[in-house]
Amino acid sequence: MFWNIVPEMSVVLVLISISLAIFTPEQLKQWLSADTYLHFAVALVVGSIALIPGFIAFPLAGVLLKNGASVSLVSGFITTLLMVGIVTLPMEARYFGWRAAVMRNALSFLGAVIIALAMGRLL
Amino acid sequence: MKTGSKNLISLGVTIFFLLFCVYGVWSVHNDFAKRVAVSYLGFLKEMLSVLPMMFLLIGIFDVWVPRDIVERHVGKDAGPIAVLWMILLSMLQAGPLYGAFPVAAALSKKGCAARYVFVYLGAFSVMKLPMLGFEITFLGLRFSMVRLLLTLPVFIVIGYVMGRSYTCIAE
């Protein structure tokens, strides 16, 4: 059972490490430390693509809030990071099929946008 | 796609990638290649430590948990209380979301309804206790709790929507 996912796993590993090298904390601080619709969109897109471990992502999100990023932007970034995983799609599709995997990610993205906007209203 | 050609493509991608890393790090001393190589090794270590553990747990679950117990509590005829079981199960776990995919597939094979499998994946992605601790430390209790309360209905709805399209998800 483990050997079955080794091909998907090795491709996902390549995708993860390239995305993590592009989206470094320094780069993201630069991209996300302002508060326009464009920055909000970038936060959602980066959060969806990247797979950033919690011990990097949460401290980074804290810094972004202190630097003046909006609550919506930061919660959108965190929520897409947690719920949407584009680089891990090959592994997800291996288990549930491409249609179900894409559908779960699309619905989660939509949900994350709603959560982010609601967070901005509430906090 | 055929399994054979798929394996060949992944092998090709991996070899090309590793050559790129070796060339970038040792030959031209490129910073980007160095960062890529460092995160590759980090994630390789993480995957190799997380996945075998998950498969061990799945193996035990497969042998020791009878199908009728799974069907009765979280099967297609089980009530909404099953959502609570899935959330409790996911909260007690740790690790990245890709570690939960094989667990979700194993649950499905044992007769867990698709809607509850997706509720499990949703809860796993946003409610793991070790991760919540981290979030509270860096973003505050208020931020984390409001996010949690807003996310809870969202992933339950997603689970039920997915459950309408899929009755059985793992082959």
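Scroll up a little and you will see the structure.
Given the structure is predicted, the values throughout are model-derived calculations rather than measurements.

Draft legend 1. Spotlight on the overall build of chain A. Of the regular secondary structure elements, chain A holds seven helices and zero strands. Along the chain direction, N to C, the helices and strands of chain A fall in the order α-α-α-α-α-α-α. Whereas a compact globule of 123 residues would reach a radius of gyration of roughly 14 Å, chain A reaches 15 Å, a difference of no more than 12%. C-alpha extents for chain A along the principal axes are approximately 45 × 25 × 20 Å. Across the 123 residues that make up chain A, the buried fraction comes to 52%.

Draft legend 2. Structural detail: the interface of chain A and chain B. With 42 residues of chain A in contact, the opposing surface of chain B contributes 45 residues. Of all the secondary structure elements, the ones that give two or more residues to the side of chain A that touches chain B are helix H1 (6–22), helix H4 (54–66), helix H5 (71–83), helix H6 (89–96) and helix H7 (98–122) of chain A.

Draft legend 3. Highlighting unusual backbone geometry. Here the phi dihedral of His29 of chain B falls at roughly 50 degrees; this positive angle occurs in a residue that is not glycine. With respect to the secondary-structure elements, His29 of chain B resides in the loop between helix H1 (3–27) and helix H2 (31–64).

Draft legend 4. Up close: the nonpolar core. Counting 85 residues, the largest nonpolar core has Ala61 and Phe77 of chain A together with Ala104, Tyr116, Val117, Val119 and Tyr120 of chain B as its most contacted members. The greatest single-element share of this core, amounting to ten residues, is contributed by helix H6 (residues 114–127) of chain B. Residues from two domains meet in this core; each of domain 1 (1–49) and domain 2 (65–171) of chain B gives at least three. Residue contacts for Ala104 of chain B: discarding those within four places in its chain leaves Tyr95 of chain A together with Val117, Tyr120 and Leu121 of chain B.

Draft legend 5. Expanded view of the environment of Leu18 of chain B. Residues and elements named next belong to chain B. Position of Leu18 relative to the elements: it lies in helix H1. Residue class for Leu18 comes out partly exposed when judged on the 14 C-beta atoms lying within 10 Å of it. Residues Leu18 and Ala37, 19 residues apart in the sequence, show an inter-C-alpha distance of 8.3 Å.

Draft legend 6. Local environment of the packing of H7 of chain A against helix H8 (residues 141–165) of chain B. Where H7 of chain A meets H8 of chain B, the axes come as close as 9 Å, and the angle between the chain directions of the two elements is 155 degrees. One finds that H7 of chain A runs roughly antiparallel with respect to H8 of chain B. Crossing geometry of H7 of chain A relative to H8 of chain B is assigned as right-handed. Between H7 of chain A and H8 of chain B, the residues in contact are Ala100, Met103, Arg104, Leu107, Ser108, Gly111, Ile114, Ile115, Ala118, Met119 and Leu122 of chain A and Val146, Arg147, Leu150, Thr151, Val154, Phe155, Ile158, Val161, Met162 and Ser165 of chain B, respectively.

Draft legend 7. Up close: H6 of chain B. Taking 1.5 Å per residue as the helical rise, H6 of chain B with its 14 residues ought to reach 20 Å, and the 19 Å between its terminal C-alpha atoms agrees with that figure. Across the 14 residues that make up H6 of chain B, a large majority, 13, are buried.

Draft legend 8. Geometry of helix H5 (residues 100–109) of chain B. When you tally the buried positions in H5 of chain B, you get nine out of ten residues, the bulk of the element. Those residues of H5 of chain B not exposed but buried are Ala100, Phe101, Pro102, Val103, Ala104, Ala105, Ala106, Leu107 and Ser108 of chain B. Elements in contact with the buried residues of H5 of chain B: H6 of chain A together with H2 and H6 of chain B. The positive-phi residue at the C-terminal boundary of H5 of chain B is Gly111 of chain B, with phi of around 105 degrees.

Cut-offs used in this document
Residues numbered from 1 in each chain as written. Chains lettered and ligands numbered in written order. Predicted model: local features only at pLDDT ≥ 70, side-chain atom pairs only at ≥ 80, totals over all residues. Helix = DSSP H or I, 4+ residues; strand = E, 2+ residues; numbered from the N terminus. Rg over C-alpha atoms; globule rule 2.2 N^0.38 Å. Buried ≥ 20, exposed ≤ 12 C-beta atoms within 10 Å, placed from the backbone. Contact = placed C-beta atoms within 7 Å. Core = buried A, V, L, I, M, F, W, Y, C linked by C-beta atoms within 7 Å. Domains from an automatic or database assignment. Axes fitted to C-alpha atoms, helices over the stretch in contact; angles between N-to-C directions. Parallel < 35°, antiparallel > 145°, perpendicular 65-115°, else oblique. Left-handed = near helix turned anticlockwise from the far one by under 90°. Expected span 1.5 Å × (residues − 1).

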